[in-house]
Amino acid sequence: MNMIVCVKQVPDPEAPPASFQVDAASGRMVIAPSVNPVISPFDEQAVEAALRLKDAHGGKITVLSLGKDAVPHVIKKPLAMGADELILLQDDALEGGDSWSTAFALAHAIKKIGQYDLIFCGRQAADWDAGQVGSGIAELLGVPSVTLARKVEVSDGKAVVERVVPDGYEVVEVSLPALITVSNELGEPRYPTLRGIMATKKIEPIVWTAADLGVEASQCGVAGRRTRLLKLFKPVKEGRCQLIQADSPAEAGEKLALKLREAKLL
Amino acid sequence: MSDYKGVLVLAEVAQGKLAPIALELLGAGHGLAQQLGEQCSAALLGNGVTALAQEAIAYGADRVYVVDDPLLQDYQSDLYLAAMDKIITEASPQIVLLGQTSIGRDLAPRLAFRRQTGLSMDCVELSIDPETRLLLQTRPVYGGNARATFVSESRPQMATVRAKAMTPLERDASRQGEVVAVAAGLSPSMIRAKVVHRVKEEVEGIKLEDAQVIVGGGRGVGGPEAFKQLEELARILGGAVGASRPPCDSNWVPASLQIGLTGKVVTPELYIAIGISGASQHMAGCSGARNIVAINKNPEANIFNEASYGVVGDFRQVLPAFIAKVRELVGK
Ligand SMILES: Cc1cc2nc3c(=O)[nH]c(=O)nc-3n(C[C@H](O)[C@H](O)[C@H](O)COP(=O)(O)OP(=O)(O)OC[C@H]3O[C@@H](n4cnc5c(N)ncnc54)[C@H](O)[C@@H]3O)c2cc1C
Ligand SMILES: Nc1ncnc2c1ncn2[C@@H]1O[C@H](COP(=O)(O)O)[C@@H](O)[C@H]1O
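So, how was this worked out
- Residues numbered from 1 in each chain as written.
- Chains lettered and ligands numbered in written order.
- Predicted model: local features only at pLDDT ≥ 70, side-chain atom pairs only at ≥ 80, totals over all residues.
- Heavy atoms only, no water.
- 1 Å grid on protein atoms, 1.4 Å probe; cavity = no way out; pocket = protein on both sides within 12 Å on 5 of 7 lines; lining within 4 Å.
- Points joined across faces, edges and corners; volume = space filled by probe spheres on them.
- Helix = DSSP H or I, 4+ residues; strand = E, 2+ residues; numbered from the N terminus.
- Nonpolar A, V, L, I, M, F, W, Y, C, P; charged D, E, K, R; others polar.
- Near = heavy atom within 4 Å.
- Polar contact = N/O pair within 3.5 Å; in protein donor to acceptor, adjacent residues only side chain to side chain.
- Areas by Shrake-Rupley, 256 points an atom, 1.4 Å probe, with all protein chains shown as cover.
- Domains from an automatic or database assignment.
- Contact = heavy atoms within 4.5 Å.
- Buried area = accessible area lost by both parts, 1.4 Å probe.
- Expected span 1.5 Å × (residues − 1).
- Buried < 20%, exposed > 50% of the residue type's maximum accessible area, 1.4 Å probe, protein only.
- Salt bridge = Lys/Arg side-chain N within 4 Å of Asp/Glu carboxyl O.
- Pairing = 2+ DSSP bridges.
- Axes fitted to C-alpha atoms, helices over the stretch in contact; angles between N-to-C directions.

**Brief notes about empty space enclosed by the protein**
Applying the stated criterion across every chain, the model contains 2 cavities of 30 Å³ or more. A volume near 190 Å³ is recorded for the largest cavity. Around the largest cavity, the lining comprises 20 residues; the ones closest to its centre are A:Arg123, A:Gln124, A:Gly131, B:Arg105 and B:Met121. For the lining of the largest cavity, the elements supplying multiple residues, two or more each, are α5 (133-141) and β9 (145-155) of chain A together with β7 (119-123) and β9 (135-141) of chain B. Element by element, the count of residues in the lining of the largest cavity is highest for α5(A), at 3 residues. Grouping the amino acids of the lining of the largest cavity by side-chain chemistry returns 6 nonpolar, 9 polar and 5 charged. In this model, the second largest cavity occupies a volume close to 80 Å³. As for the second largest cavity, its lining consists of A:Ser145, A:Val146, A:Thr147, A:Arg163, A:Glu170, A:Val172, B:Tyr75, B:Gln76, B:Ser77, B:Asp106, B:Ala193 and B:Val195. Sorting the residues of the lining of the second largest cavity by element identifies β9 and β11 (168-175) of chain A together with β13 (193-200) of chain B as the ones contributing at least two each.

**Focus on the site of ligand 2**
Residue and element names in this part refer to chain A. Not every one of the 17 residues close to ligand 2 is listed here, only the nearest: Cys6, Asp43, Ala125, Gly131 and Val133. Gly131 is positioned with one of its backbone polar atoms (N or O) 2.7 Å from an oxygen atom of ligand 2. Gln132 places a main-chain nitrogen or oxygen 2.8 Å from an oxygen atom of ligand 2. About the coverage of ligand 2: the protein hides 97% of its 480 Å² of free accessible area. Of all the secondary-structure elements, those providing two or more residues to the shell around ligand 2 are β6 (60-66), α4 (99-113) and β8 (118-122). Examining the composition of the shell around ligand 2, we find that 3 residues originate from one element, β6, more than from any other. Tallied by class, residues from the shell around ligand 2 come to 9 nonpolar, 6 polar and 2 charged.

**Points about unusual backbone geometry**
For the bond running from A:Leu176 to A:Pro177, omega is 0 degrees, close enough to zero to count as cis. Among the structural elements, A:Pro177 can be located in the loop between β11 and β12 (178-182). Following B:Arg155, the chain continues to B:Pro156 via a peptide bond in cis, the omega torsion being -5 degrees. The phi torsion at B:Lys164 lies on the positive side, around 65 degrees, for a residue other than glycine. Among the secondary structure elements, B:Lys164 is positioned in the loop between β11 (157-161) and β12 (178-181).

**Remarks on the domain arrangement of chain B**
For an interface, size is often stated in terms of accessible area lost upon the parts coming together. All names here are of chain B. Examined at the domain level, chain B breaks down into domain 1 (7-190) and domain 2 (208-330). The C-alpha-based centres of domain 1 and domain 2 are spaced at 33 Å. Contact with domain 1, which involves 9 residues of that partner, is made by 9 residues of domain 2. Note on domain 1 versus domain 2: buried area summed over both sides is about 710 Å², and carbon and sulfur give 45% of it. Counting across the domain 1 and domain 2 interface gives 6 residue pairs in polar contact (both at pLDDT 80 or more). Of the residues belonging to the side of domain 1 that touches domain 2, the class tally is 2 nonpolar, 3 polar and 4 charged.

**Brief notes about helix α1 (residues 41-57) of chain A**
For α1(A), built from 17 residues, the straight-helix expectation of 24 Å at 1.5 Å per residue is met to within 8% by its first-to-last C-alpha distance of 25 Å. Taken as a whole, α1(A) has its buried residues at A:Phe42, A:Asp43, A:Glu44, A:Gln45, A:Ala46, A:Val47, A:Glu48, A:Ala49, A:Ala50, A:Leu51 and A:Leu53.

**Regarding the interface of chain A and chain B**
Each side of the interface is counted separately: chain A has 78 residues, and chain B has 75 residues. The junction of chain A with chain B conceals about 7,000 Å² of combined surface from both sides, 59% of it contributed by carbon and sulfur atoms. Where chain A touches chain B, the interface holds 7 salt bridges. Two residues, B:Asp106 and A:Arg163, come together in a salt bridge whose shortest N-O distance is 4.0 Å. Counting the contacts that link chain A with chain B gives 35 residue pairs in polar contact (both at pLDDT 80 or more). Of the residues belonging to the side of chain A that touches chain B, the class tally is 42 nonpolar, 16 polar and 20 charged. As paired strands, strand β14 (residues 227-233) of chain A and strand β10 (residues 146-152) of chain B are joined by 6 bridges and run antiparallel to one another. Counted as the bridge partner of A:Arg228 is B:Val151 from β10(B).

**What to know about the domain arrangement of chain A**
The domains assigned to chain A are domain 1 (2-224) and domain 2 (240-266). For domain 1 of chain A and domain 2 of chain A, the distance between their C-alpha centroids amounts to 46 Å.

**Some words on the sheet that holds β7(B)**
Residue and element names in this part refer to chain B. Pairing is parallel across the open sheet formed by 7 strands, whose spatial order is β7-β11-β6-β1-β4-β5-β12. The sheet is open, and its two edges are formed by β7 and β12, each paired on a single side. Within this sheet the neighbouring strands show an average axis-to-axis angle of 20 degrees, counted without direction. With 3 bridges joining them, β7 and β11 adopt parallel strand pairing. In the strand pairing of β11, Leu119 is matched with Met158. Across the sheet, helix α3 (residues 77-91) lies against β1 (7-10), β4 (40-46), β5 (63-68), β6 (95-99) and β12, angled at about 155 degrees from β4, the strand it touches most. Those strands touched by helix α4 (residues 102-114) are β1, β6, β7 and β11, and its axis lies near 165 degrees from that of β7.

**Topic: the site of ligand 1**
What surrounds ligand 1 is a group of 30 residues, the closest being A:Glu14, B:Arg219, B:Ser244, B:Ser277 and B:Asn296. Nearby residues place ligand 1 at the junction of chains A and B. Contact distances for ligand 1 include 3.1 Å between an oxygen atom and a backbone N or O atom of B:Leu261. In isolation ligand 1 has 990 Å² of accessible area, and contact with the protein removes 90% of it. Elements represented by at least two residues in the shell around ligand 1 include exactly α1 of chain A together with α6 (245-249), α7 (280-286) and α9 (315-330) of chain B. Of the residues contributing to the shell around ligand 1, the split by class is 10 nonpolar, 14 polar and 6 charged.

This is the structure in structure tokens:
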């Protein structure tokens, strides 16, 4: 089985809220230097979904990532977890895009890879939380998609996917090739093994530019965008918390109840 | 782009009625259409749903495009996609709105890419720029740490809208509108991803989305046992239990209890957060609560920047006394 996983490098989304600021003058995000780059968490789970299928059926996993700023030891993590190959799309012409132009470039890279049974994406990238590149790639390639997977199995030439819905899950059967977006309900991604980490040292990423993809400049990066960012701002918070003071935790609990009663919340 | 006119909203149906999100979108769509001096239409998809068209009109639609087909009994991506695509071709709207629901999350991006147009997911604010007359699409980014306003450079301008971010109109049964049956040419052979089975993991009691009081537990409560205490408190207050992501991921509670960016959006009068740090992705689902109360042992926890009342302390010592006093006060 041939599988492709799209992963994006993002600033650690679990960093404290204060590390994410907006510069009012330029209207850009300013991320504190202490925030480490990581693979977007749902994308690590997408890698995990592919690895579980590889464990069960064998096959090859190609990891695909678009972005010039990829840090080698970060972007190689899926290889250390057990993926086989890494393709980086790196070109100024591909930068500054929106979901449309990103999906466009990724779809063309996937066409160039050629052979695939399953494509995996995360449900959303943990920087802009756009939540559409996966479905976009599927549409551009003309393959079916199943979103928000918590379990993926393959048999008889089709994938059987458990899709998370608000009050449970659905079982979806989809013909191959197909694209699947993965949600956190899939479970923890595995840790890279020491052997895995050593092995990745020898794997050189394949780097493709816009020209390698054979895409027109007008469809890529900034030029290919269908949406434009007008304004970026921090939501205003009132932030006036009344802390209950007491001599013991139990007394604090009682006082809290009284306070809520006084405020007519009980 | 002048061929594109009016606003089209997807009116989702749930349990034989227009879903709450449908009414919210109709309210929003009606307002936007008025500002543009254009019409608001609804797309109504399902099996035996034609009767609901009048209901959509009563809530603000000037016109309702209906695809009534047994194949649309339940949501199937490929069929809903084909039907919506057909309606857009027929209606040629300049704005298309869907809910940020299970259906909208799946359908909207595929539909946008099929129409080769831009999309903003999970908008919390929509308005018309008085000068450019473009739809201003505001949504949280960076896990809720910032907000961004986008405009589309293609048509239709598409957005999904977060639950409870928009206000429905008063129902007005005297409102007039037109009902248009659309032949979408659906056939079973279009289904490539087929839902073969649905499994409900329902939690007893009040639904989170409807609860006026929610008791939320986080990683800090340490395990499934503590949730029994939280349930007791919720019961006394006539509310529901929710959770941050870690208790769901660790199977202390069902995944359907997750509140946040990728979980449920709740807007209770009172949200009591216990052992929850207040990560932006969690707050994205509960910052619409009228009052937040936090019990957390770390005075630096971000939840105290969001709460109106708080206790710094170990919940194991604070909670029993709190519950006892609450029981005494509400007399249960
Ligand atoms: C893209 C993305 C989407 C996400 N979506 C969601 C989402 O929808 N919902 C969600 O909740 N999270 C979501 N997360 C995860 C989120 O970033 C946080 O990791 C998560 O909310 C933390 O949960 P928590 O507050 O329970 O745990 P922690 O952050 O570990 O906090 C536990 C808290 O408990 C306190 N504590 C510990 N022991 C005690 C005690 N004995 N008494 C009192 N207090 C105690 C600690 O001081 C601490 O503040 C998402 C993350 C990403 C990257
Ligand atoms: N620059 C990128 N490189 C590789 N994959 C990406 C990139 N951007 C988005 N994706 C994939 O698409 C998913 C959804 O992203 P988004 O629509 O941006 O939220 C991510 O979880 C990734 O799997």
